[in-house]
Amino acid sequence: MIVMKFGGSSVANDEQMQKVLNIVNLIDGKRVIVLSACKGITDLLEHIAIKAKDGDTTAVNQITEEITARHTDVIKQSLNKQCNAAIDDINQYITQLTRILNGVSFLGELSLAAMDSIYSFGELLSTTVFYHLCKERNVNCEWKDARLLITTDSNYSSANPISELYVNKLNETIRSSTADVIITQGFIASNENGRTTTLGRGGSDLTASLIGAAINADEIQIWTDVDGVLTADPNKCDDTIPIEFLSYKEVKDLSFWGAKVLHPQTIMPAIECNNIVKVLNTNNPTAKGTTITAVPPENKFTINSIIGKQNCHLLGIMSNHLNIPSSLPVLRIGYSNYVYNVLLDDNEEVAEFVKNLNRSEVTLDTTASAILLAGQNLLNEPIRLTKFIATTAQLLGDIKLRQLLCFSDNSIILVVEKCDIDPIIRSIHKVIVRKQY
Ligand code: ADP
Ligand code: ASP
Ligand code: MG
């Protein structure tokens, strides 16, 4: 069994949905299809919820019409015999959405729980359209409500899945289905009381991975709009190339540091179950994509990719029992000579934590920027590694290197003084792509 997740741009419109169906149809055997909302719809739902809270009925009506039209347009362009049934389903969802928005307007209040219910319509609508498209083409398919498949805690807007509560049920539901293609929603789930929750923006990747792990899928495929995980963010560097093989560890770091291509927790369930994860391009399905496994086949020194964080906080803390609150966005903790080096993603909570530290234990306290280089077998070839670091240090020019943090076989972190890191990322990236080390 395989799980195939298609992101918002992959199901943006009629043409994209057809591409998705063609890709799904190329594969034999049982497939679980996880879809995001059509591109831009989740943002529109966020927008409409705020307008409802503000009592702006004109905007609410206008956005409702836009959301309805986006889905009915796809239906009218691609469906014939399923057209009426699909339009009926869409209208029912729009009626339910309107009811919730009226409630928000009436109260003048938008709770995270209400926002999650409103968000859920994006994925409910896209999967409904796709289900009817599959039916139209006589695919043996079934539509499943993801809220009945995945159970989370009640941490609305960023809920945590509770595997003990859903894995067996999910596995049984999928395995007992006689459909070849099981269609469900990414991003949405429900708590123990059946209230809708969401896994955080971009969470459909995580849904695919949770399902893949629960059913022990042969492969979890994440279909998106680029040729795989790239050597850097293509919006920052224009000469990026796809990376054919990546390790779980590299992907964990890259997504946690903000590489948008995967939700930060996507890889965690796959690690536990040792699932193969592939990142593929819906617009270029024959491209190799990126294959992510525990140990990639090429066992040699490589620096694969780069990502930066503009605003960080670097702390040196002398302590024998470091107690960092779990809510803090810790990027990495290193340890040397009885001093913990802690790199934090800067925010207000971090500022508060820093303010309250026992100053006699603080050996270093500085705002900084940081660059993460992810690769493989970095410790096996010390001469190449030293050469790479020397080249990189040169590229920093006048920018001061504060620390080389936490060397491991898979990552190097350069902490530099706070600066505009994009130009540095671009020049280090050139070295990586051209393998000049
Ligand atoms: P989807 O809608 O399919 O989930 P996303 O927009 O969430 O797609 O993620 C894909 C986007 O991630 C790409 O279009 C690209 O702009 C961005 N991105 C940022 N960093 C990387 C990276 N290292 N590799 C690939 N894509 C990246
Ligand atoms: N539709 C949700 C979002 O836009 C989830 C996802 O696309 O992964 O964040
Ligand atoms: Mg995404």
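Up top you'll find the structure we're talking about.
Everything quoted here is computed from the prediction, not taken from an experiment.

Draft legend 1. The arrangement of the overall build of the chain in detail. When you go through the chain residue by residue, the secondary structure sums to 12 helices and 16 strands. Against the globule reference of 22 Å for 437 residues, the chain gives a C-alpha radius of gyration of 23 Å, in line with a compact fold. Along the longest, intermediate and shortest principal axes, the C-alpha atoms of the chain span 70 × 50 × 40 Å. In the chain, which comprises 437 residues, the share counted as buried stands at 53%. Nonlocal contacts in the chain, meaning residues at least 24 apart in sequence, comprise 74% of its contacts between residues at least 6 apart. Total accessible area on the chain is roughly 19,400 Å²; 48% of this is exposed by carbon and sulfur atoms. Distance between charge centroids for the chain: 3 Å, based on 39 positive and 49 negative side chains.

Draft legend 2. Focus on the pairing of strand E9 (residues 276-281). Examined bridge by bridge, strand E7 (residues 219-224) and E9 share six bridges and lie parallel to one another. Paired with Gln221 across the two strands is Lys278, which belongs to E9. Strand direction decides the pairing type here: E9 and strand E10 (residues 290-293), joined by three bridges, are antiparallel. If you follow Val279 over to E10, its bridge partner there is Thr290.

Draft legend 3. A look at the environment of Gly375. Note that Gly375 resides in strand E14 (residues 362-376). When the C-alpha positions of Gly375 and Asn410 are compared, they lie 4.8 Å apart, and in sequence the two are 35 residues distant. Residues within four places of Gly375 in sequence aside, it is in contact with Glu250, Thr302, Ile303, Asn304, Asp409 and Asn410.

Draft legend 4. Up close: the site of ligand 1. Neighbouring ligand 1 are 17 residues; Lys5, Thr224, Asp225, Leu230 and Lys260 lie closest to it. In the model, a nitrogen atom of ligand 1 is placed 2.9 Å from a nitrogen or oxygen of the Leu230 main chain. A distance of 3.2 Å separates an oxygen atom of ligand 1 from a polar side-chain atom of Asn235. In isolation ligand 1 has 570 Å² of accessible area, and contact with the protein removes 86% of it.

Draft legend 5. Here's a closer look at helix H2 (residues 41-53). Look at H2: 18 Å from first C-alpha to last across 13 residues, which is about the 18 Å you get at 1.5 Å a residue. Residues Ile41, Thr42, Leu44, Leu45, Ile48, Ala49 and Ala52 constitute the buried set of H2. For H2, the arc enclosing every buried residue in end-on projection is 155°, short of the 170-degree limit, so these residues lie on one face. Looking at the buried positions of H2, the neighbouring elements they touch are helix H3 (57-78), helix H4 (83-107) and helix H5 (112-136). Phi for Gly55, located one or two positions after H2, is positive at around 75°.

Draft legend 6. Structural view of the pattern of salt bridges. What the rule picks out here adds up to 15 salt bridges. For the salt bridge of Lys278 with Glu219, the shortest nitrogen-to-oxygen distance reads 3.6 Å. In this pair, Lys278 sits in strand E9 while Glu219 sits in strand E7, placing the two residues 59 residues apart along the sequence. Owing to a relative accessible area of 16%, Glu219 belongs among the buried residues under this scheme. A salt bridge links Arg332 to Asp253; the nearest nitrogen and oxygen atoms lie 2.6 Å apart. Taken together, the residues span a long stretch of sequence, with Arg332 in strand E12 (residues 330-336) and Asp253 in helix H8 (residues 248-256) at a distance of 79 residues. We classify Arg332 as buried; its relative accessible area is 14%. A relative accessible area of 13% places Asp253 in the buried class.

Draft legend 7. Summary view of the pairing of strand E2 (residues 31-35). Burial of E2 is extensive: five of the five residues sit out of reach of the surface. Burial along E2 is two-sided: the face carrying Arg31, Ile33 and Leu35 and the face carrying Val32 and Val34 are both buried. Alignment of strand E1 (residues 2-6) against E2, held across five bridges, turns out to be parallel. Each bridged residue has a counterpart across the sheet, and for Phe6 the counterpart in E2 is Leu35. Read from E1 through helix H1 (residues 14-25) to E2, the crossover connection turns out right-handed.

Scoring rules and cut-offs
- Residues numbered from 1 in each chain as written.
- Chains lettered and ligands numbered in written order.
- Predicted model: local features only at pLDDT ≥ 70, side-chain atom pairs only at ≥ 80, totals over all residues.
- Heavy atoms only, no water.
- Helix = DSSP H or I, 4+ residues; strand = E, 2+ residues; numbered from the N terminus.
- Rg over C-alpha atoms; globule rule 2.2 N^0.38 Å.
- Buried < 20%, exposed > 50% of the residue type's maximum accessible area, 1.4 Å probe, protein only.
- Contact = heavy atoms within 4.5 Å.
- Areas by Shrake-Rupley, 256 points an atom, 1.4 Å probe, with all protein chains shown as cover.
- Lys, Arg positive; Asp, Glu negative; His and termini not counted.
- Charge placed at Lys NZ, Arg CZ, Asp CG, Glu CD.
- Pairing = 2+ DSSP bridges.
- Near = heavy atom within 4 Å.
- Polar contact = N/O pair within 3.5 Å; in protein donor to acceptor, adjacent residues only side chain to side chain.
- Expected span 1.5 Å × (residues − 1).
- Arc of directions from axis to C-beta.
- Salt bridge = Lys/Arg side-chain N within 4 Å of Asp/Glu carboxyl O.
- Right-handed = clockwise from strand over helix to strand, strands pointing away.

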